[in-house]
4 protein chains.
Amino acid sequence: MQLGMIGLGRMGANIVRRLMKAGHECVVYDRDPKPGAALAGEGAIAASDLADLVSKLKAPRAIWVMLPAGEITEATLKELAGLVLPGDTLIDGGNAFWKDDVRRGKELAAKGLHYLDVGTSGGVHGLDRGYCLMIGGAKEAFDRLEPIFKTLAPGKGGIEPTKHRDGRNPRSEEGYLHCGPVGAGHFVKMVHNGIEYGMMQAFAEGFDLLRNASAKEGLPPEYGFDFDVAEVSEVWRRGSVVTSWLLDLTAEALAADEDLSAYTGNVSDSGEGRWTVEAALDTATPAEVLTSALYTRFRSRKDHTFAEKILSAMRAGFGGHVEPKKP
Amino acid sequence: MQLGMIGLGRMGANIVRRLMKAGHECVVYDRDPKPGAALAGEGAIAASDLADLVSKLKAPRAIWVMLPAGEITEATLKELAGLVLPGDTLIDGGNAFWKDDVRRGKELAAKGLHYLDVGTSGGVHGLDRGYCLMIGGAKEAFDRLEPIFKTLAPGKGGIEPTKHRDGRNPRSEEGYLHCGPVGAGHFVKMVHNGIEYGMMQAFAEGFDLLRNASAKEGLPPEYGFDFDVAEVSEVWRRGSVVTSWLLDLTAEALAADEDLSAYTGNVSDSGEGRWTVEAALDTATPAEVLTSALYTRFRSRKDHTFAEKILSAMRAGFGGHVEPKKP
Amino acid sequence: MQLGMIGLGRMGANIVRRLMKAGHECVVYDRDPKPGAALAGEGAIAASDLADLVSKLKAPRAIWVMLPAGEITEATLKELAGLVLPGDTLIDGGNAFWKDDVRRGKELAAKGLHYLDVGTSGGVHGLDRGYCLMIGGAKEAFDRLEPIFKTLAPGKGGIEPTKHRDGRNPRSEEGYLHCGPVGAGHFVKMVHNGIEYGMMQAFAEGFDLLRNASAKEGLPPEYGFDFDVAEVSEVWRRGSVVTSWLLDLTAEALAADEDLSAYTGNVSDSGEGRWTVEAALDTATPAEVLTSALYTRFRSRKDHTFAEKILSAMRAGFGGHVEPKKP
Amino acid sequence: MQLGMIGLGRMGANIVRRLMKAGHECVVYDRDPKPGAALAGEGAIAASDLADLVSKLKAPRAIWVMLPAGEITEATLKELAGLVLPGDTLIDGGNAFWKDDVRRGKELAAKGLHYLDVGTSGGVHGLDRGYCLMIGGAKEAFDRLEPIFKTLAPGKGGIEPTKHRDGRNPRSEEGYLHCGPVGAGHFVKMVHNGIEYGMMQAFAEGFDLLRNASAKEGLPPEYGFDFDVAEVSEVWRRGSVVTSWLLDLTAEALAADEDLSAYTGNVSDSGEGRWTVEAALDTATPAEVLTSALYTRFRSRKDHTFAEKILSAMRAGFGGHVEPKKP
């Protein structure tokens, strides 16, 4: 079927490619004309602006917006809303804050437009592996666009089927899911990312511990290890309980350089981590691990916190303690 | 080659079966004569006591002890040490505390005995999938027993090779690794379990959040979800960043019953979780996530903590606050 | 000077009493006529409704709203804004969310009205001890109402002066502070409460540990204690580093009943704890302790979390583990 | 009465001074002869070595060891045990690990010696304020030395009595307590320090948040604060819920320099913090806050953790993310 795609960065362009490979027709637009021209060379129809893109699509239209930042997504969807017709569907495939989806969905519904929020996981590997799609919005709009989602999703692949699933929704096994009303897609994606933070931090602490336990001095006498963390990460890939894609990636990075010397350790966080904690606050869910994982990233980007200076000042105050030098 | 196995619970018996399938000869013993008799029926040589087991093995012997509790392992290894000869190798494949290994290794070395500590992951699925083996002890003893480890390990299987591993230790890719001197095997296994705790808790919090976000009341107005956590767990199995064996298991449990009503939520912890935190203390490693994951288990086994009563008492003291009823 | 007070619960009524004792004139109103009548008997002027209260105050008026919930505060301030005149000052002394203050301050400023947000600490003891006041809003409005704040604040009292304060703001030493523009008062109060949560949890965990270390079984052999937590809390009140009002309150509660058997341990949280975490997210501040303190309260109000069931289900999945019974 | 004091650092010397002021007789020794000579000038009897010290005391002797490190304390007590007579009492007033006390107490008891472990809080202010004493050991030895403890403790002072204490142990109100058998004193002191860590971290995070909320850019639009943290700390000293000695010390440090520019923020931790977490592990006590407070200190002493590099490497692996620069 036909899809408009706005935003032709790595994610947007690869989604278009995966769709075209399966025979879907894509009308594409990006502020930068280059990626559109490149995709035109691969079979896409390049549009010169939003109005042009809308005019090149047949009603009922489906237009997927895949832009990095919240503000430009908002502006683009607003402009699109003035160009399309009742019955058309706008899709945000970026990493929006789900409460913005809820608001936006209402605004668009008031104009007779459908809105789908699609949480998209898969990163740089999505073109080949397919994208895990978590979709929110009216069931009717989801149903109409299902061929698109089915194409983008990884499919069953070689993954062993889960037991006890007789009679359950077969779409989940293909890698796409209608999660509920508008906002549900990005909410599920947000929780996914929250879990991802927690898992990453679990591995990070474990490997940190193995390294620190390999120190040559300053440890209790039982220590005397010199762990090869690259080999440890590799051996865990087979038969252990922690096998996972994140472990695969870690093993790859450690195989290339077990000191990870190309990295400083300043770790970014994106909105999803913070929104997950906010949802934990909203719902009174104790989320120790997801939150700690986020806080370690905050801390990683600072030389020192004022908190630490306060601690040193207090220690000087009650005990006359002087700060140690770093080892 | 030949191996003695002491302790024929699920783990010990399945290790024997996997070895025999590959042509190794196993002499087996358990205090309970039944599992030994059963294994004898499958080709093992059953021994009537430890001395009998030792006498049925040719020097240099290798005897694997696979017992659940620390005390009985200790006692068994002590008794064995009096029966075997210099040059023999004793193996503890259970979940021992690595500092006990270090002490024990020294005691046995003083008698001319080898000692290997083997962290064994794979649980109930090991017979088929193979066991991930993390091994500590003298390189010489490891080398001699490598055929055993190679048989027990999962092997390369269908798992995609890790990039950048040219020239690295090929054993890790088979699923077994000599991690270092005595204690190193159980140390690596301990950290593995610590990571496992953290990953489990990350998933647990995420699914808890999805459930709590599906509440019918008491939430901010944007909420209005009714997530099917079984489907969410399934869709994440394809193409998402959190794909992992633990997710597979969660998907299976939720497919069987998305309310998990067979479970109360009293969660055990074993020694490894606590020892991991102890190692974090020894090595001054901030291990927020691994520790929080452990503490949530402590908390899960109590109706209330005294800590919570203290909080309520303070609140009554400064604000006259009365405790709420549970929802 | 003259002040209108709306909301005559414990806090509002005691503020009025403390003001009248110092010679200020108070016009008071509450939906329930009883507390107004009681205060009239102590010298206050009771108003029959908001309009009546406004009419009984001379311009420029100052009206303090001291209501428990956010919604009714919002409605009352809206109604008042329609009754008062440019140059008048409205005060919210409750526990509002500081972002609501910022919005509200702008709305009122557009009508020529002043708005002060006053974080008020002191609880049930404020009438005698005085209230610690953290004030946000225009400096001009703060200045005009300073006599009110000075009266309500505890004053220097017998508290030892802080060194190095020569030339610093003398108001802080009296117990009231103009913290900045609208929102600053409730922001500082919010952080105060966040710290309060953390301190409370620190004590709670410590006393919990002393109790658990007094268990008669299940502990390592070195344990053999039977701590009297009431005496421990008392001895710490003298010369220790943890001396604090919260310790005083704990000592009092434990002296009355060292088992705290009147308490279940369901611990409420109010908005400030959650807003503190939200501010930590906004500002990328690692706030491990303040957040953990909040999460333990969330957990305290549940029999079990779904998270815990997920953990048990995973453990059954990979290890065949059966849940333990509670001790 | 008479007391021997070994170790004349700040703590030991001030304890001697406080005792002599009250008329007790002190025989003192330190490896460095200077502090002993100084104290001799103030009325103490200086000994030239341990044997000399023992010979200058009348049986039954009481000898207080106040040395910084565990090893030298151990060696000193061992040597003393060979010099004193059955019925004498050895006291460790340092910060020993309580399990060492338990072992040591048994060893000394086997020789007919008494052993008291005395947790001592008060720091640099103890000479004037007195020391909060938490004492473990045989009741009989405690009783005999009570005059010493009573002198060292702060006494009731001007502190408001705790309600509901009729019939309770009057010693706690003086600031000293017999907490139980050998080890109990240091255990209670250890928990005290654990709580101290948690309280300190609560304040540290709160002030960090106030500073970060004063940033000029990068914050949501509602922010626009410029908090004077020195004034905030001062105002909280009066009438707030967080009043405490630690707040007093913070206010003093911030009054001297609200940027705390003399401090780097490398925060030490001493044994007590780690032992508290170990006790939490032993007793299955969830101690989130006490542990987090410790971990932030571990982190403060590092430029970056390997954990953080692992996170960056994973992010590069699945999303092609590049590390941000520090702000």
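Residues numbered from 1 in each chain as written. Chains lettered and ligands numbered in written order. Predicted model: local features only at pLDDT ≥ 70, side-chain atom pairs only at ≥ 80, totals over all residues. Heavy atoms only, no water.

**A few points about the domain arrangement of chain A**
Residue and element names in this part refer to chain A. Split into domains, chain A comes out as domain 1 (2–182) and domain 2 (189–300). Computed over C-alpha atoms only, the centres of domain 1 and domain 2 are separated by 32 Å. The partner domain 2 presents eight residues to the eleven residues of domain 1 that form the contact. A combined buried area of about 890 Å² lies between domain 1 and domain 2, and 60% of that area is made up of carbon and sulfur atoms. At the boundary of domain 1 and domain 2, one finds one salt bridge. Linking Lys99 and Asp282 is a salt bridge whose minimum nitrogen-to-oxygen distance equals 3.0 Å. At the boundary of domain 1 and domain 2, one finds three residue pairs in polar contact (both at pLDDT 80 or more). The element best represented in the side of domain 1 that touches domain 2 is strand β6 (residues 114–121), accounting for three residues. Among the residues making up the side of domain 1 that touches domain 2, the classes are represented as four nonpolar, five polar and two charged. (Domains from an automatic or database assignment. Contact = heavy atoms within 4.5 Å. Buried area = accessible area lost by both parts, 1.4 Å probe. Salt bridge = Lys/Arg side-chain N within 4 Å of Asp/Glu carboxyl O. Polar contact = N/O pair within 3.5 Å; in protein donor to acceptor, adjacent residues only side chain to side chain. Helix = DSSP H or I, 4+ residues; strand = E, 2+ residues; numbered from the N terminus. Nonpolar A, V, L, I, M, F, W, Y, C, P; charged D, E, K, R; others polar.)

**Notes on the relation of the copies chain C and chain B**
For the match of chain C to chain B, the screw axis carries a shift of 0.0 Å, the RMSD comes to 0.1 Å, and the turn is 180°. Such a combination of turn and shift is consistent with a two-fold rotation axis. In terms of C-alpha distance to the rotation axis, chain C has Asp303 of chain C as its closest residue, with the C-alpha 3.4 Å off the axis. Comparing interface residues between copies, 100% of those in chain C also sit at the interface in chain B, which points to an isologous, same-surface contact. (Least-squares fit on C-alpha atoms with pLDDT ≥ 70 in both.)

**Considerations on helix α14 (residues 306–319) of chain C**
Helix length check: α14 of chain C, at 14 residues, gives a terminal C-alpha distance of 20 Å against a target of 20 Å (1.5 Å per residue), a fit within 8%. Buried positions along α14 of chain C lie against α1 (10–21), α9 (184–212), α10 (229–235), α11 (245–256) and α13 (288–300) of chain B together with α13 (288–300) of chain C. Positive backbone phi, approximately 65°, marks Gly320 of chain C, located one or two places after α14 of chain C. (Expected span 1.5 Å × (residues − 1).)

**Structural notes on the nonpolar core**
Among the nonpolar cores identified, the biggest contains 244 residues, and Trp236 of chain A, Trp236 of chain B, Trp236 of chain C together with Trp236 of chain D are the most heavily contacted of them. With residues near it in sequence (within four places) discarded, Trp236 of chain C still touches Phe207, Leu210, Val242, Thr243 and Leu247 of chain C together with Cys132, Met134, Val188, Val191, His192 and Ile195 of chain D. (Core = buried A, V, L, I, M, F, W, Y, C linked by side-chain atoms within 4.5 Å. Buried < 20%, exposed > 50% of the residue type's maximum accessible area, 1.4 Å probe, protein only.)

**So, the UniProt feature "domain: 6-phosphogluconate dehydrogenase C-terminal" (unreviewed entry) in chain A**
UniProt annotation of "domain: 6-phosphogluconate dehydrogenase C-terminal" (unreviewed entry) refers to residues 185–321 of chain A when read in the numbering used here. With 63% helix and 0% strand, residues 185–321 of chain A has end C-alpha atoms that lie 52 Å from one another. (UniProt positions renumbered as here; feature names shortened; annotations may be inferred.)

**Notes on the interface of chain C and chain B**
In this complex, chain C contributes 60 residues to the contact, which on the side of chain B involves 61 residues. Where chain C abuts chain B, roughly 5400 Å² becomes buried across the two surfaces, and 63% of that area is made up of carbon and sulfur atoms. The three residues of chain C that bury the most area against chain B are Phe306, Met314 and Phe318 of chain C, which together make up 14% of that side's buried surface. Along the contact surface separating chain C from chain B lie zero salt bridges. Along the contact surface separating chain C from chain B lie 18 residue pairs in polar contact (both at pLDDT 80 or more). For the side of chain C that touches chain B, the elements supplying multiple residues, two or more each, are α9 (184–212), α11 (245–256), α13 and α14 of chain C. With 14 residues, the single largest contributor to the side of chain C that touches chain B is α14 of chain C. Grouping the constituent residues of the side of chain C that touches chain B by class yields 24 nonpolar, 17 polar and 19 charged.

**Side note on the side chain of Thr151 of chain A**
Within the secondary structure, Thr151 of chain A sits in helix α7 (residues 139–152). Thr151 of chain A has contacts with Arg18, Leu19, Ala22 and His24 of chain A, leaving out every residue within four places of it along the chain.

**A word on the pairing of strand β1 (residues 2–6) of chain B**
The two faces of a sheet get side chains in turn, since along a regular strand they alternate between them. Residue and element names in this part refer to chain B. The element β1 is largely enclosed, with a buried count of five among its five residues. Residues of β1 alternate between two faces, with Gln2, Gly4 and Ile6 on one and Leu3 and Met5 on the opposite face, all of them buried. With five bridges joining them, β1 and strand β2 (residues 25–29) adopt parallel strand pairing. Bridging across to β2, Gln2 finds its partner in Glu25. Regarding the hand of the β-α-β motif, the stretch spanning β1, α1 and β2 is right-handed. As judged from the three bridges shared by β1 and strand β4 (residues 62–65), these two strands associate in the parallel manner. Paired with Ile6 across the strands is Val65, a residue of β4. (Pairing = 2+ DSSP bridges. Right-handed = clockwise from strand over helix to strand, strands pointing away.)

**Considering the relation of the copies chain B and chain A**
For the match of chain B to chain A, the screw axis carries a shift of 0.0 Å, the RMSD comes to 0.1 Å, and the turn is 180°. In this assembly the copies share their binding face: 100% of the residues contributing to the interface of chain B also contribute to that of chain A.

**A look at the pairing of strand β6 (residues 114–121) of chain B**
All names here are of chain B. Across the eight residues of β6, eight count as buried, placing the element largely inside the fold. Here β6 shows a buried face lined by His114, Leu116, Val118 and Thr120 and a second buried face lined by Tyr115, Asp117, Gly119 and Ser121. In this sheet, β6 lies alongside strand β5 (residues 89–92) in parallel orientation, the contact comprising four bridges. Each residue of the ladder has a partner; that of Leu90, found in β6, is Tyr115. In terms of handedness, the path from β5 via helix α5 (residues 98–110) over to β6 forms a crossover that is right-handed. Note: β6 against strand β7 (residues 132–136), five bridges, orientation antiparallel.

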